[in-house]
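Understanding the architecture of this molecule
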Amino acid sequence: MSESWEQRRRREAREMDAAIRSTFARRQSNAELRAQLEALAQRPWFREFSWLWGPSLHVRDRVLFRPLILSWLRVGNLTATGKWVDPWQGENAAALETWLADADRHDDVEVFRRLYEWRQQGLGLKKAEARWREDLTQRFRDARTRAARQLVLTKLDVETGRLDEATALALDDVDAELARPFIRQRLPFAWGPGVPQEKQHAMWTTLRERLLARGDTELAWALYRRLVTEDAWRADVFALTQSVKDSQALVRALEEHHPDVAPTGAAEVFVELAEKRGRDVVPYLLAHLSTVFPRWAGLRARAKNAKGLPDLLELCRVRGWEDVWGAALRTSATAETFDQEVLKLVHDAKADPAVTRGRLLQVAGTGGEWNRPGLGVTRVLPLTDSTAVMLYARFPELLRGPFRMHVSSGWHSSYPELVGRALERRDEELLDFLASRAATQAQPTHAGNKRQREWIRVLDALATHYEELPKEDGVFARRAANVLGAIPAYAIWADKTLLSQNRLARLLLMRSDDLYLADPRAVRDLLESPQIHVQALAFRLLGRDAPRARELAASNTDVLQAALLRPLHRRTRLMAFGALTNAALHDVDTARRLLARMRDAFALPDQRYPKEELVELLAKVLRRWPELRGPAETPRVFSAPTKETSP
């Protein structure tokens, strides 16, 4: 019987505890100890035993072992029995406190900060904040020089630290100029969604008055925007509409007052501002419409528009503010409201088509973006199938262009009627876009509801259409390459499941190799696709043992050579090596261009890079083109010296 996850965790924790203790028990040099610990670090739960190996390494040689400590130090609370504990409260507390004190005494900022945060986590949120503020105030007051005070702020610049007014005033009393950026960075948030009124932070009136008297208006307004409550903000901005007459000055004042946290009643405030001052507040509204979000009454409930948004849309419609109306509809409305507004415009046959087209363009596009390193999320409101069909009938160029992102097909919205109309019209541009989205999602294994049945019908219709395309003159290859080239990056995840369940994806990615090779433009499009699975298809095609593949590989060297240096999974890189081999063996000029990149690849720090396969690739090229060998790459044959005979 196989062990459970819990049993495996306990066993691995027990083994790691024993391995660490036995490693420290041996007599060995520091270099040998570091090598053994680096090897142990590759096993599970090494980080979680930081409380065991960390203090010992610090005592042994804090400088030599510092890189290892910083690489693997973590909030480690796992014991040999597999239990999670707080090591700062048990028998190891003294060793950890000594380690923290040593890091503090030697001004090792990074190690001190990590240990300090580790200790704070065991205190609970309220006690941790109180202790942090106490430590910060006392250390800052005791520091005799500005450099020492700066060091205090750097050491205690922890992620969980949030100031209160008393602490901020104490820092400001000692060194206002130095404390200013720290106070700005560590301001708390006064309120947020779901935070009761009684738990909201009060405005720091004393500090704000001091800042205004000193002339530090920037920090004073930053403090206001972070700590103002929604009710106070509402009253303040309405007062501005009466006291500030100049429109530009009013917009600047509204910007100064806008809270850092999106107010839940922002749409209602925007409506009143528009009624009081008209177009004067439009620049401010356009800048902050993205702070209006739909409401959710529950996990299974449909989204509802924010309070005040329907009134804002109606006000804009009556006054002809198409810029505000379009932005509010695109960024803040629910998908249902967006679809209804688009349908009204398309249904209005009496309106001038040019005017209707302009209004539709106002609402097309993304409603917002959220970007982080390596990840981006875009909000796009989808149309219903019926609305998309009516828009396609009246303004087909809009659906092919700016509105096509609103009809991205998938299991959530398959658009069977729209696909049927596009097939009737033989609309290649729209069909290729719809197919690029349909080819990224697996077909459901069972048709349990209407939505799944429609999705299966759309997949079958699109697959049949592309299967019936003429294979002569590169027609199929061109259309298929258009589809694959339009697939966004990271749109395909479980590729094996996709290929086994999606007939269209199987046709495009597996069953058409010879047709792609017959069209050089199609191969180029596949290589330049943002989707890595499509690029892998091109690598596989160009790596085939065929004269046509070698010829096309050589003609696409400018794109292929990037595969030597860019990050790739091992399997994909090996396919790229096959294409590079064909390119390098085709002619000597191509080989000369690629050899420089091959030699550069040996210096890459990636430990998973297939260097042995790279050596094999380089050897094949140098064997085919011996004139490209360098001095160190020329084979030398040594023979035994012959015995000289005397005359």
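Residues numbered from 1 in each chain as written. Predicted model: local features only at pLDDT ≥ 70, side-chain atom pairs only at ≥ 80, totals over all residues. Heavy atoms only, no water.

**Thoughts on the overall build of the protein**
The condition that has to hold: For helices the rule is a DSSP run of H or I covering at least 4 residues; for strands it is a run of E covering at least 2, with both sets numbered from the N terminus onward. As a reference, a globule follows 2.2 Å times the number of residues to the power 0.38, and the radius of gyration itself is taken over C-alpha atoms. In this analysis, two residues are considered to be in contact whenever any of their non-hydrogen atoms come within 4.5 Å of each other. What sets the accessible areas is the Shrake-Rupley method with a 1.4 Å probe; for residues, cover comes only from the shown protein chains. For the purpose of charge, His is not counted, nor are the chain termini; Lys and Arg are scored as positive and Asp and Glu as negative. Every charge is mapped to an atom, namely NZ of Lys, CZ of Arg, CG of Asp or CD of Glu.
Within the protein one finds 36 helices and 4 strands. The C-alpha radius of gyration computed for the protein amounts to 33 Å, which surpasses the reference 26 Å derived for 647 residues by more than 25%, pointing to a less compact arrangement than a globule. Nonlocal contacts in the protein, meaning residues at least 24 apart in sequence, comprise 70% of its contacts between residues at least 6 apart. With an accessible surface of roughly 34000 Å², the protein has 52% of that area assigned to carbon and sulfur atoms. Across the protein, the mean location of the 100 positive side-chain charges is 3 Å away from that of the 88 negative side-chain charges.

**Concerning the environment of Gln 36**
Applicable threshold: Exposure categories follow from relative accessible area, calculated using a 1.4 Å probe and restricted to protein chains: below 20% of the type maximum is buried, above 50% is exposed, and the middle band is partly exposed.
In this structure, Gln 36 sits in helix H2 (residues 30-40). Residue Gln 36 is classed as partly exposed on the basis of its relative accessible area of 27%. Residues Gln 36 and Leu 527, 491 residues apart in the sequence, show an inter-C-alpha distance of 44 Å. Excluding anything up to four places from it in sequence, Gln 36 contacts Thr 23, Arg 26 and Gln 28.

**Points about the environment of Ser 512**
Its location among the elements puts Ser 512 in the loop between helix H28 (503-509) and helix H29 (513-517). Residue class for Ser 512 comes out buried when judged on its relative accessible area of 1%. Sequence separation between Ser 512 and Ala 480 is 32 residues; the distance between their C-alpha atoms is 9.0 Å. The residues contacting Ser 512, other than those within four sequence positions of it, are Phe 476 and Leu 507.

**Describing the nonpolar core**
Here is the rule we go by: What makes a nonpolar core is a set of buried Ala, Val, Leu, Ile, Met, Phe, Trp, Tyr and Cys residues whose side-chain atoms join them at distances within 4.5 Å.
Core analysis: the biggest nonpolar cluster contains 126 residues, and Phe 403, Tyr 516 and Met 598 have the highest contact counts within it. For Tyr 516, the residues in contact, after removing those within four places along its chain, are Ala 477, Ala 480, Ala 481, Leu 484, Leu 508, Ala 522, Val 523, Leu 526, Leu 537 and Leu 541. Residues Leu 68, Trp 88, Leu 100 and Phe 140 belong to the second largest nonpolar core, which totals 56 residues.

**Details of helix H12 (residues 217-227)**
In terms of burial, H12 is a largely internal element, 8 of the 11 residues being buried. Three or more residues of H12 are buried, namely Leu 219, Ala 220, Trp 221, Ala 222, Leu 223, Tyr 224, Arg 226 and Leu 227. Where the residues of H12 are buried, they touch helix H10 (176-185), helix H11 (205-214), helix H13 (230-243) and helix H14 (247-257).

**Considering the confidence of the model for the protein**
Here is the rule: A residue's pLDDT is simply how confident the predictor is in it, with values from 0 to 100.
Of the residues in the protein, 95% reach a pLDDT of 70 or more, and the chain-wide mean stands at 90. Note on residues 193-198: pLDDT under 50 across the span, and 3 contacts to partners over four residues away in sequence or across chains.

**Details of the packing of aromatic side chains**
Going by this rule: Ring pairs shown here join Phe, Tyr and Trp side chains whose ring centres sit within 6.5 Å, with only the six-membered ring taken for Trp; geometry is labelled stacked below 30 degrees between planes, edge-to-face above 60, and tilted in between. Working rule: Lys NZ or Arg CZ, within 6 Å of ring centre, within 35 degrees of ring normal, means a charge sits over the ring.
According to the stated counting rule, one finds 10 aromatic pairs in the structure shown. Their ring planes at 85 degrees and their centres at 5.8 Å tell us that Trp 88 and Trp 118 sit as a pair that is edge-to-face. Placement of the pair is Trp 88 in the loop between helix H4 (66-72) and helix H5 (93-105) and Trp 118 in helix H6 (residues 109-121), with a sequence separation of 30 residues. Each of the two residues, Trp 88 as well as Trp 118, counts as buried. Within the aromatic cluster, the residues linked to one another by ring pairs are Phe 46, Trp 53 and Trp 72. Between Arg 226 and the ring centre of Phe 189, over which it is positioned, the NZ or CZ distance is 4.1 Å. Between Lys 471 and the ring centre of Phe 476, over which it is positioned, the NZ or CZ distance is 5.4 Å.

**Section: the packing of helix H26 (residues 475-485) against helix H30 (residues 520-527)**
Threshold: Geometry is summarised by axes, namely lines fitted to C-alpha atoms with helices restricted to the contacting stretch, and by angles between N-to-C directions that run from 0 to 180 degrees. In what follows, roughly perpendicular refers to angles from 65 to 115 degrees, roughly parallel to angles under 35, roughly antiparallel to angles over 145, and oblique to any angle outside these ranges. Under the scheme applied, nonpolar residues are Ala, Val, Leu, Ile, Met, Phe, Trp, Tyr, Cys and Pro; charged residues are Asp, Glu, Lys and Arg; polar residues are all the others, including Gly.
In contact at an axis separation of 9 Å, H26 and H30 are set at 10 degrees when each is read in the N-to-C sense. Here H30 runs roughly parallel to H26, going by the angle between their axes. Taking contact as the criterion, the partners of Ala 477, Ala 481, Asn 482 and Leu 484 in H26 are, on H30, Ala 522, Asp 525 and Leu 526. Per-class residue counts for the contact of H26 with H30 are 5 nonpolar, 1 polar and 1 charged.

**Examining unusual backbone geometry**
Located in the positive-phi region is Arg 426, a residue other than glycine, with phi close to 55 degrees. Looking at where Arg 426 falls in the secondary structure, it is placed in the loop between helix H23 (416-425) and helix H24 (428-438). The phi torsion at Asp 473 lies on the positive side, around 60 degrees, for a residue other than glycine. Note on placement: Asp 473 falls in the loop between helix H25 (450-467) and H26.

**As for the packing of H12 against H14**
Running from amino to carboxyl end, H12 crosses H14 at an angle of 65 degrees, the nearest separation of the two axes being 8 Å. Here Trp 221, Tyr 224 and Arg 225 of H12 lie close against H14, whose contacting residues are Glu 255, Glu 256 and His 257.

**Examining the pattern of salt bridges**
The line we're drawing: A pair is scored as a salt bridge if a Lys or Arg side-chain nitrogen falls within 4 Å of a carboxyl oxygen belonging to Asp or Glu.
Under the counting rule described, the total for this entry stands at 52 salt bridges. For Glu 129, the salt bridge identified is with Arg 133, shortest N-O distance 3.4 Å. With a gap of 4 residues between them, Glu 129 and Arg 133 both fall in helix H7 (residues 125-142), about one helical turn apart. Here Glu 129 falls in the partly exposed class, since its relative accessible area comes to 21%. The class of Arg 133 is buried, set by a relative accessible area of 16%. A salt bridge links Arg 503 to Asp 460; the shortest N-O distance between them is 3.7 Å. With Arg 503 in helix H28 and Asp 460 in helix H25, this pair connects stretches of sequence that are 43 residues apart. Look at Arg 503 and you get partly exposed, because its relative accessible area is 24%. Take Asp 460: its relative accessible area is 30%, and that puts it in the partly exposed class.

**Looking at the side chain of Asp 175**
For the record, the criterion: Whenever two N or O atoms come within 3.5 Å, that pair is a polar contact, provided that in protein one can donate a hydrogen and the other can accept it, and provided that, for residues adjacent in sequence, both atoms are side-chain atoms.
Tracing the backbone shows Asp 175 in the loop between helix H9 (165-174) and H10. Within the structure, Asp 175 has its side chain in polar contact with the side chain of Arg 146 (distance 2.8 Å). Within the local environment of Asp 175, its side chain forms a polar contact with the backbone nitrogen of Leu 178, the two atoms lying 3.2 Å apart.

**A look at H13**
Rules: Given a helix with a known number of residues, its expected span is that number minus one, times 1.5 Å. Note that the arc is computed from the directions linking the helix axis to the C-beta atoms.
For H13, spanning 14 residues, the distance from its first C-alpha to its last is 20 Å, which sits close to the expected 20 Å at 1.5 Å a residue. Looking at H13, one finds that the buried residues are Glu 230, Trp 233, Val 237, Phe 238, Leu 240 and Thr 241. Taken end-on, H13 shows its buried residues confined to a sector of 150 degrees, consistent with a single buried face. Of the exposed residues in H13, the ones pointing more than 90 degrees away from its buried face are Asp 231, Gln 242 and Ser 243. Buried residues along H13 sit against H12, H14, helix H15 (266-277) and helix H16 (282-288).

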